[in-house]
Amino acid sequence: MGIFSSTVRLDKFKAKDLLKARIDEEVKYDLQMGSLSTANSRYEGYKKVAAQPERSNHEIERAALEMACWAKKKRSTLKQIRDVQARTRVLDSLIQTVEMKDRLKKHGIWSK
């Protein structure tokens with residue numbers, strides 16, 4: 001049962017587990033940003049190659065094909081980055097809620 005499972009209840013969350021999940025999301029974000037950087041640089045590289053004078057039609061078509069592939073990679077990577085950011089915001093909210101719940105339990109306000 002994962003953090004984002006629909007069967008998990010608020011009282012089952014532990015701040016330590018949520019912090020670990022947040023670190024995992026940060027790592028995923030960093031990896032996706034690296035992938036986005038690579039895709040962007042490859043796309044721009046092929047764009048420069050296609051724009052150079054004295055290129056044959058075959059080279060220009062090949063560059064256009066590669067640009068299309070790298071543009072698709074950029075779009076999918078951006079979607080994955082948005083998903084990671086959304087999960088991170090959810091985890092931040094859950095961490096805050098669990099910490100507040102623990103403080104309220106300590107003062108006897110939160111009860112089962």
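Parameters and conventions
- Residues numbered from 1 in each chain as written.
- Predicted model: local features only at pLDDT ≥ 70, side-chain atom pairs only at ≥ 80, totals over all residues.
- Heavy atoms only, no water.
- Helix = DSSP H or I, 4+ residues; strand = E, 2+ residues; numbered from the N terminus.
- Rg over C-alpha atoms; globule rule 2.2 N^0.38 Å.
- Buried < 20%, exposed > 50% of the residue type's maximum accessible area, 1.4 Å probe, protein only.
- Areas by Shrake-Rupley, 256 points an atom, 1.4 Å probe, with all protein chains shown as cover.
- Expected span 1.5 Å × (residues − 1).
- Core = buried A, V, L, I, M, F, W, Y, C linked by side-chain atoms within 4.5 Å.
- Axes fitted to C-alpha atoms, helices over the stretch in contact; angles between N-to-C directions.
- Parallel < 35°, antiparallel > 145°, perpendicular 65-115°, else oblique.
- Left-handed = near helix turned anticlockwise from the far one by under 90°.
- Nonpolar A, V, L, I, M, F, W, Y, C, P; charged D, E, K, R; others polar.

Novice: Run through the overall build of the protein, naming residues and quoting values.
Specialist: A count of helical and extended segments in the protein gives two helices and zero strands. In terms of overall dimensions, the protein is more spread out than a globule: its C-alpha atoms have a radius of gyration of 23 Å, far above the 13 Å expected for 112 residues. Viewed in the frame of its principal axes, the protein has a C-alpha envelope of about 80 × 20 × 15 Å. When each of the 112 residues of the protein is scored for burial, the buried share is 22%. As presented, the protein carries roughly 8400 Å² of accessible surface, and 55% of it is formed by carbon and sulfur atoms.

Novice: Provide a residue-level description of the environment of Leu-19, including the pertinent values.
Specialist: With respect to the helices and strands, Leu-19 occurs in helix 1 (residues 15-51). Separated by 78 residues in the primary sequence, Leu-19 and Thr-97 have C-alpha atoms spaced 13 Å apart.

Novice: Can you lay out helix 2 (residues 57-106) for me, pointing to particular residues and giving the numbers?
Specialist: When the terminal C-alpha atoms of helix 2 are compared, their 73 Å separation across 50 residues agrees well with the 74 Å that a helix rising 1.5 Å per residue should span. Once helix 2 ends, the next one or two residues include Gly-108, with phi positive near 80°.

Novice: Please provide a residue-by-residue account of the nonpolar core, values included.
Specialist: Soluble, globular proteins show a tendency: their nonpolar side chains are buried together. With eight residues, the main nonpolar core is built from Phe-13, Ala-15, Leu-18, Ala-21, Leu-91, Leu-94, Ile-95 and Val-98. Going through the elements one at a time, helix 1 and helix 2 are the ones with two or more residues in this core. Here this core gets four residues from one element, more than from any other, and that element is helix 2. By size, the runner-up hydrophobic cluster in this structure holds five residues, among which are Ala-39, Tyr-43, Trp-70 and Ala-71.

Novice: Outline the environment of Lys-79, supporting the account with residue identities and numerical values.
Specialist: By the secondary structure assignment, Lys-79 is in helix 2. The exposure class of Lys-79 is partly exposed, given its relative accessible area of 46%. Considering only alpha carbons, one finds Lys-79 and Asn-57, 22 residues apart in sequence, at a separation of 33 Å.

Novice: Help me get a handle on the packing of helix 1 against helix 2, residues and values and all.
Specialist: Relative to each other, helix 1 and helix 2 sit at 160°, their axes nearing to 8 Å. It follows from the interaxial angle that helix 1 and helix 2 lie roughly antiparallel. In this structure, helix 1 crosses over helix 2, and the sense of that crossing is left-handed. The residue inventory of the contact of helix 1 with helix 2, partitioned by class, reads 23 nonpolar, seven polar and 10 charged.

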